[in-house]
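Results of the structural survey
The residues making up each chain are set out below.
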Amino acid sequence: MKKLAFVLCFFIATQAVAQQFNHYIADPDGRVREHQLDITHMAVNVKFEPEKGMVHGVVTHTFVPLRKTVDSVFWDAPKIAIKSAKLVGDKTIDLKFKTTDDGVITYFASPLKWDATYMLQFEYDATPQKGIYFIGWNSPKITDPRNQTRQQIWTQGQGIDNRHWIPMYDNMNDKFTTETIVSFNSEFKVLSNGQKLSEKKNKDNTTTWHYKMQKPHAGYLLMLAIDRFAVKETKTKNGTPIQFWYYPEHPEKLELSSLYSEKIIEFLEDETGFAYPWGSYSQVMVQDFMYGAMENTSATIFGDFFNVDEYSFNDRSYVSVNAHEATHQWFGDLVTARSNTGTWLQESFATYYAKLFMGSIYGPDEYRWEMRGEVNSALNASKSDNFPIAHAHSGSARVYPKGSTVLHMLRYVLGDEEYKRVINYYLQKHGFGNVETNDLVQAIQDVLGMNLDWFFDQWLYRGGEPHYQVSYQNYGQKTVMTIEQIQQQDMTTGLFKMPIKCGVYFTDGTFIEKTEWIENQTESIVFEHDNGKQIAYVLFDINSEILKQVTFKKSAEELIEQLKNAKNMIDRYDALLGLAEVDIETKRSALQETFQKETFYAMQSEIVKQLLNDAKSNSFLISNLPKADVRVKRTLLQNVENVETYRTIIESSLSDKSYINIEKALQLLCETNSKNKDAYFDRTKAILGQSHNIRITWLAYKIDQLKSDSAEMMNDKTSNYYTYLNELSSYTTNLYEFRTRTNAMNVIKKFNYLSAESIEGMLDAATSKNGRLASPASEVLRWYSQQYAIKNTIQTVFEQSQLSDEQKEKLRKAKLVE
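So, how was this worked out
- Residues numbered from 1 in each chain as written.
- Predicted model: local features only at pLDDT ≥ 70, side-chain atom pairs only at ≥ 80, totals over all residues.
- Heavy atoms only, no water.
- Helix = DSSP H or I, 4+ residues; strand = E, 2+ residues; numbered from the N terminus.
- Rg over C-alpha atoms; globule rule 2.2 N^0.38 Å.
- Buried < 20%, exposed > 50% of the residue type's maximum accessible area, 1.4 Å probe, protein only.
- Contact = heavy atoms within 4.5 Å.
- Salt bridge = Lys/Arg side-chain N within 4 Å of Asp/Glu carboxyl O.
- Pairing = 2+ DSSP bridges.
- Axes fitted to C-alpha atoms, helices over the stretch in contact; angles between N-to-C directions.
- Phe/Tyr/Trp six-rings, centres within 6.5 Å; stacked < 30°, edge-to-face > 60°.
- Parallel < 35°, antiparallel > 145°, perpendicular 65-115°, else oblique.
- Left-handed = near helix turned anticlockwise from the far one by under 90°.
- Nonpolar A, V, L, I, M, F, W, Y, C, P; charged D, E, K, R; others polar.
- Polar contact = N/O pair within 3.5 Å; in protein donor to acceptor, adjacent residues only side chain to side chain.
- Expected span 1.5 Å × (residues − 1).
- Bend = angle between axes of the 7 residues up to and from the residue.
- 1 Å grid on protein atoms, 1.4 Å probe; cavity = no way out; pocket = protein on both sides within 12 Å on 5 of 7 lines; lining within 4 Å.
- Points joined across faces, edges and corners; volume = space filled by probe spheres on them.
- Core = buried A, V, L, I, M, F, W, Y, C linked by side-chain atoms within 4.5 Å.

What follows is about the overall build of the protein. When its secondary structure is counted, the protein shows 26 helices and 30 strands. In terms of overall size, the protein behaves like a compact globule, its C-alpha atoms giving a radius of gyration of 31 Å where 818 residues would be expected to give roughly 28 Å. For the C-alpha atoms alone, the extent of the protein along its principal axes is close to 95 × 85 × 60 Å. For the protein, the proportion of its 818 residues judged to be buried stands at 57%. Looking at the protein alone, contacts between residues at least 24 apart form 69% of all its contacts between residues at least 6 apart.

For the structure on display, the rule yields 41 salt bridges. Among the ionic pairs, E593 bridges to K564, the shortest N-O distance being 4.0 Å. Taken as a pair, E593 in helix α13 (residues 584–597) and K564 in helix α11 (residues 556–565) lie far apart in primary sequence, 29 residues in all. In this structure K564 comes out as partly exposed when scored by relative accessible area, which is 31%. Residues E598 and R572 are paired through a salt bridge, measuring 2.6 Å at the closest nitrogen-oxygen approach. Highlighted residues: E598 in the loop between α13 and α14 (601–611) and R572 in helix α12 (residues 569–579), separated in sequence by 26 residues.

Okay, the sheet that holds strand β27 (residues 511–518) next. If you trace the three strands from one edge of the open sheet to the other, you get β27-β26-β29, paired in antiparallel fashion. Of all strands in the sheet, those with a lone pairing partner are β27 and β29 (535–540), marking the two edges. Averaged over neighbouring strand pairs, the angle between their axes works out to 15 degrees when direction is ignored.

Moving on, we come to the environment of N386. As for its placement among the helices and strands, N386 is situated in the loop between α6 (364–381) and α7 (396–414). Given the relative accessible area of 21%, N386 is considered partly exposed. On a C-alpha basis, the gap between N386 and K707 in space is 53 Å, while along the polypeptide they are 321 residues apart. Once residues lying within four places of it in the same chain are set aside, the contact partners of N386 are I25, R398, G463, G464, D490, T492 and T493.

As a further point, take the packing of aromatic side chains. The final tally for this structure, using the stated rule, is 49 aromatic pairs. Here the aromatic rings of Y505 and Y537 are separated by 4.7 Å at their centres, their planes lie at 10 degrees, and the arrangement is stacked. Here Y537 lies in strand β29 and Y505 lies in strand β26 (residues 498–506), a separation of 32 residues in the sequence. Note on Y537: relative accessible area 4%, which makes it buried. Connected via pairs of aromatic rings, a cluster forms that spans F331, W344, F349, Y352, Y353, Y419 and Y426.

Here we take up the pairing of β26. Moving residue by residue along a regular strand, the side chains alternate between the two faces of the sheet. Of all nine residues in β26, eight are buried; the element is thus mostly enclosed. Hairpin connection of β26 to β27: four residues between the antiparallel strands, including G509 at a positive phi of 95 degrees. Two strands pair when backbone bridges link them, and β26 and β29 are joined in this way by five bridges, in the antiparallel orientation. Bridge pairing links C502 to F540 in β29.

Right, let's talk about the sheet that holds strand β9 (residues 132–135) for a bit. Spatially, the four strands line up as an open sheet ordered β9-β10-β16-β12, and their pairing is antiparallel. With partners counted over all chains shown, the strands left at the sheet margins are β9 and β12 (189–192), one partner each. Each neighbouring strand pair of the sheet contributes to a mean axis angle of 15 degrees, computed without reference to strand direction. Taken together, the two bridges between strand β10 (residues 152–155) and strand β16 (residues 224–227) define a ladder with antiparallel strand orientation. Residue pairing in the sheet places I153 in a bridge with I226 of β16.

For the peptide bond that leads from Q158 to G159, omega is 0 degrees, which places it in the cis range. Here the phi dihedral of D115 falls at roughly 70 degrees; this positive angle occurs in a residue that is not glycine. Along the polypeptide, D115 turns up in the loop between β7 (103–113) and β8 (118–126).

A word on the packing of helix α4 (residues 319–328) against helix α5 (residues 344–362). The geometry of α4 relative to α5 is characterised by a closest axis approach of 8 Å and an angle of 130 degrees between their N-to-C directions. Of the possible angle classes, the one that applies to α4 and α5 is oblique. As α4 packs across α5, the resulting crossing turns out to be right-handed. Contacts between α4 and α5 involve V319, S320, A323, H324, T327 and H328 on the former and, on the latter, Q346, E347, F349, A350, T351, Y353, A354, F357, M358 and Y362. Taken together, the residues of the contact of α4 with α5 break down into nine nonpolar, six polar and one charged.

Let us now look at the environment of E199. Turning to its location among the elements, E199 is positioned in strand β13 (residues 195–201). Considering only alpha carbons, one finds E199 and E818, 619 residues apart in sequence, at a separation of 49 Å. Not counting residues up to four positions away in its chain, the partners in contact with E199 are T207, T208 and W209. Among the polar contacts made by the side chain of E199, one reaches the side chain of K196 at a distance of 2.6 Å.

Look at α5 against α7: their axes get within 7 Å of each other, and the N-to-C directions meet at 70 degrees. One way to sum up the angle between α5 and α7 is to call them roughly perpendicular. The chirality of how α5 crosses α7 is right-handed. Taking contact as the criterion, the partners of W344, E347, S348, F349, T351, Y352, K355 and L356 in α5 are, on α7, R398, V399, Y400, G403, S404, T405, L407, H408 and R411.

Among the secondary structure elements, T594 is positioned in helix α13. Under the relative-accessibility criterion, T594 is labelled buried at 3%. Contact partners of T594, with chain neighbours within four places excluded, come to L563, M603 and I607.

Compared with an ideal rise of 1.5 Å per residue, which puts 19 residues at 27 Å, α7 spans 26 Å between its outermost C-alpha atoms and is within 8% of the ideal. In the structure, α7 departs most strongly from a straight axis at G403, where the bend amounts to approximately 35 degrees. Among the 19 residues that make up α7, 15 are buried, leaving the element largely enclosed by the rest of the structure. G415, located one to two residues past α7, shows a positive phi value of around 105 degrees.

The subject of this paragraph is the side chain of R572. By relative accessible area, R572 is classed as buried at 12%. When neighbours within four sequence positions are excluded, R572 is seen to be in contact with Q562, L563, A566, K567, E598 and M603.

Within this structure, the stated rule accounts for one cavity of 30 Å³ or more. Taken together, R368, M371, R372, V375, N543, S544 and I570 make up the full set of residues lining the largest cavity. Looking at the lining of the largest cavity element by element, the count peaks at four residues for α6. Looking at the lining of the largest cavity residue by residue, the classes come out as three nonpolar, two polar and two charged.

This part covers the nonpolar core. Grouped together as the largest cluster of nonpolar side chains are 163 residues, with contacts concentrated most on F48, Y124, L636 and I650. Tallying contributions element by element places helix α20 (residues 693–709) first for this core, with eight residues. Formed by 76 residues, the second largest nonpolar core is a distinct cluster that contains Y281, Y419, V441 and Y468.

As structure tokens, this is what we get:
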């Protein structure tokens, strides 16, 4: 009986372990939306009253019922005023309809039937709060000599926002061709999806533009962009027409803003083996865009903060975002996720191929560096929750960077040629349709006959990442590496299984490398070698192929050997990180030697951090930094404590081709050397910067100087003190894009100054549909309102302002005014 009891207990315990990881996080919001109709075509005909933010439209949907009989249909159309609903064809039939808070229900006198094609038409008016944006139509009528603001109309449909200006079925799980007809002022240009069929001038000084898609896409990808654009036209080597729509007032920014646009499309065609699917490809810049960019089919919209010159290009160029959005023309537009659970099939792929492209241009070290940033983002996200990638609530850190790293690992497991063969098959099979994660799993089985359920289960359907604790022991004729998985295991996260390459490197220059599957709680890898060979260093996961945490204690001597001799940059970088805890006397010469050998900026930047507060390295840095990459100099500017020691380098940074460097150098110099301020002001007085960052910083320090120099000046409203304060105030108004405005709002607080112009500008900003403008503007207004006198002034300006009734109501609801 005792033996039987033991067996039963063992069986129960074994079952508990076996079942421990058979749970998944529920995902009710990842369900596919049901729909009654298969929309095959949507034709939108619109006119606008931009000063009122109004859309006047007619939309015609062509569709086939998916159910045997359909007697009513709900259409997404929140707060759209439906004027009429009709079935059109051989004869027109007026339909009964009912509007709700979320849309409109149409009722059919005779139920719709299977296999029949119908056309339903809405005539409507809309004053949308989302989906379509009217920029600059209510700007104050004052001089704008630098053309900093625009008059624009543009759209942002993802995820479900096009429904706010078009009555439609607005969900990613139905795809259809679209047709866009727009009538607008002839001074402007209009861009939409697909081929431009016509551009016809009308007698009333308007033009009608007509665009049409030849292949189906999801409704959220329909777009419009309207402005007084200029257009650069080129072609790829395979003949794909490329258009780059830009501001004609700033032709000097065109070359760097549009850099590599053609090469990106060529790269993606080569990588996927699938020709660009949409005929032509356009990109268009817009003001106050709330994201980086948006991959509308055949026509990407991007924020004009990526409209860069040779200085801002070195701070944050459009190249990576350009590659990301172009990738979406395949992953997201050609093949579209069926529900939010599959968002990674779009964003992870776009992030991964952008990283690949950056590596193809700037070298393999750039690829590995971007991947390291992705790994850090994923690990940081897991500190908060354990959602898997394939989940509606996975979060941006998982569907972008973590998913990108998972695709790298998928390619690592499959092999380059095998991976590319699978992806081509996947695109060919599912092109112009909807996909789920299992479609990619199945593609691997169909093409390679491989079952990668284990891979998708641990990396896509479950959360967490492995944490390996690594050590080794030399036994004379063999070295044994021990790997233990120490991550927290629970109902949804267990052990991870991956092939991992490790190596032992000896002081005589020889080495042994092995790839072993690591999947158990504890594993050992044995490296056999001649007796007495001295180990220089040991690597676990050579070239950092795996998404992971690692605890691997190494001596300073090992780290220095790894830093000097490891083949791959990322392995040398890991040695640098390990040396951060080592005393400076032990590592100084190795760091200085490495700085002069390394060419990748991230390596040099980390070395600068570790040498910066070492007095014996001052002369070395002063000698070597002036010729370094601006990003390496930026490390000094952002971390320096002894400004006087590095004053010469900091002063030279006022001439760097980097607005970030110039701004930081100006701040450091003005805060530590009052006697030379005028010289610094003189050198930078004509520089605006990106989003006016240099000019606003310049004004802040200049105003502060004038305030300190002369109290009497503060009583003279005609003095330079007020001239500069009023210029700073002007940058808060809607004459400028949102980044300039938010920067100026936060700086002007320092002087506790508000003009009527800036108050109205902030009130306007607080009602913006762009949260990245509205939120900081509201915070600044609340800060000012803590002062009774200023609160009354804000109220007075509010009551006398030209803000719309809708804006005023928003401000009252937010309790920013009474």
